[in-house]
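Here is how the chains run, residue by residue.
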Amino acid sequence: MDEAPPETPPLRGFSIEAFAVDRDERAVYDAYIESFADHWDFAAPPYEKWVEKTRLPSFDPQWWLLARDPEGAIAGFALGRMREDLLFIEQVGVRRPYRGRGLALALLRRAFEASYRAGQPFVSLGVDAANPSGAYRLYEKAGMTPDHEITIYEKRLEA
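What counts, and at which threshold
- Residues numbered from 1 in each chain as written.
- Predicted model: local features only at pLDDT ≥ 70, side-chain atom pairs only at ≥ 80, totals over all residues.
- Heavy atoms only, no water.
- Phe/Tyr/Trp six-rings, centres within 6.5 Å; stacked < 30°, edge-to-face > 60°.
- Buried < 20%, exposed > 50% of the residue type's maximum accessible area, 1.4 Å probe, protein only.
- Lys NZ or Arg CZ within 6 Å of the ring centre and 35° of its normal.
- Helix = DSSP H or I, 4+ residues; strand = E, 2+ residues; numbered from the N terminus.
- Core = buried A, V, L, I, M, F, W, Y, C linked by side-chain atoms within 4.5 Å.
- Contact = heavy atoms within 4.5 Å.
- pLDDT = per-residue confidence, 0-100.
- Salt bridge = Lys/Arg side-chain N within 4 Å of Asp/Glu carboxyl O.
- Polar contact = N/O pair within 3.5 Å; in protein donor to acceptor, adjacent residues only side chain to side chain.

### Overview of the packing of aromatic side chains
And step 1. Counting across every chain of the model gives 12 aromatic pairs.
And step 2. Both rings, one in Phe 59 and one in Trp 64, keep their centres 5.0 Å apart while their planes meet at 90 degrees; by these two values the pair is edge-to-face. Of the two residues examined, Phe 59 and Trp 64, each falls in the buried class.
And step 3. The positively charged end of Arg 26 is found above the aromatic ring belonging to Tyr 47, 3.8 Å away from the centroid.
And step 4. One cation-aromatic arrangement involves Lys 53 over Tyr 32; the distance from NZ or CZ to the ring centre is 5.9 Å.

### Comments concerning unusual backbone geometry
And step 1. You will see that Asp 22, though not glycine, has its phi angle at about 70 degrees, which is positive.
And step 2. Considering the arrangement of structural elements, one finds Asp 22 in the loop between β1 (15–18) and α1 (25–36).

### Notes on the nonpolar core
And step 1. Ranked by internal contacts, the top residues of the largest apolar core, which has 28 residues, are Ile 89, Val 92, Leu 103, Leu 108 and Tyr 139.
And step 2. Contributions of two or more residues to this core are made by β2 (64–68), β3 (74–82), β4 (87–94), α3 (103–117), β5 (123–125) and α4 (135–141).
And step 3. Looking at which element gives the most residues to this core, the answer is α3, with 9 residues.
And step 4. Residues in contact with Ile 89, not counting those within four places in the same chain, are Leu 79, Gly 80, Ala 111, Val 123, Ser 124 and Leu 125.
And step 5. Core analysis: the next-biggest nonpolar cluster, separate from the first, contains 15 residues, Ala 31, Val 51, Phe 77 and Leu 79 among them.

### A few points about the confidence of the model for the protein
The predicted coordinates ought not to be read in detail in places where the model reports low pLDDT.
And step 1. Averaged over every residue, the pLDDT of the protein is 89; the share at 70 or more is 97%.
And step 2. Within the protein, β2 carries the highest mean pLDDT (97), whereas α4 carries the lowest (80).

### Focus: the pattern of salt bridges
And step 1. Within this structure, the stated rule accounts for 13 salt bridges.
And step 2. Measuring nitrogen to oxygen at the nearest pair gives 2.4 Å for the salt bridge that ties Arg 81 to Glu 90.

### Quick look at the environment of Ala 73
And step 1. Along the chain, the position of Ala 73 falls in the loop between β2 and β3.
And step 2. Residue classification places Ala 73 among the partly exposed positions, given a relative accessible area of 30%.
And step 3. For the pair Ala 73 and Arg 156, spaced 83 residues apart in the sequence, the C-alpha separation amounts to 41 Å.

### Some points on the side chain of Gln 91
And step 1. With respect to the helices and strands, Gln 91 occurs in strand β4.
And step 2. Setting aside chain neighbours within four positions, we find Gln 91 in contact with Tyr 32, Phe 36, Lys 53, Phe 77, Ala 78 and Leu 79.

### A short note on the side chain of Glu 25
And step 1. Inspection of the secondary structure puts Glu 25 in helix α1.
And step 2. On the basis of relative accessible area, Glu 25 is assigned to the buried category, the value being 4%.
And step 3. Polar contacts involving the side chain of Glu 25 include one to the side chain of Arg 55, which spans 3.0 Å.

Structure below.
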């Protein structure tokens, strides 16, 4: 980002806030499982293994952004980690009942704002270009551009 990104407009009926340690672990894990359940290569990790990420010395809850509905339930999330060279968004997900309302875009834009304010103008993520959820279009709408592509080939060997 060469200049400060525009401020994210508020989403009617939703709030965006940072993850709170010792409060949000189970709710975010459940939202993560629900959001990615239909992804082609998804395997749900055990909760105990997943939550270890939040206990690492490098974990910083300000880079895990949560969208909440009016009752406080997790509707979506953008989970990132700051590296020396950029903010890397590891996962963006929106639970099925909340999709199509602009939550993922708002979460990304809020991450861009926070990263820029922290002095880091580079934000990156990885995406399956064939993802049927429209993720690729979402990232382009957010102003991101592809940097490089990786193609994975597979062959099933029948016995």
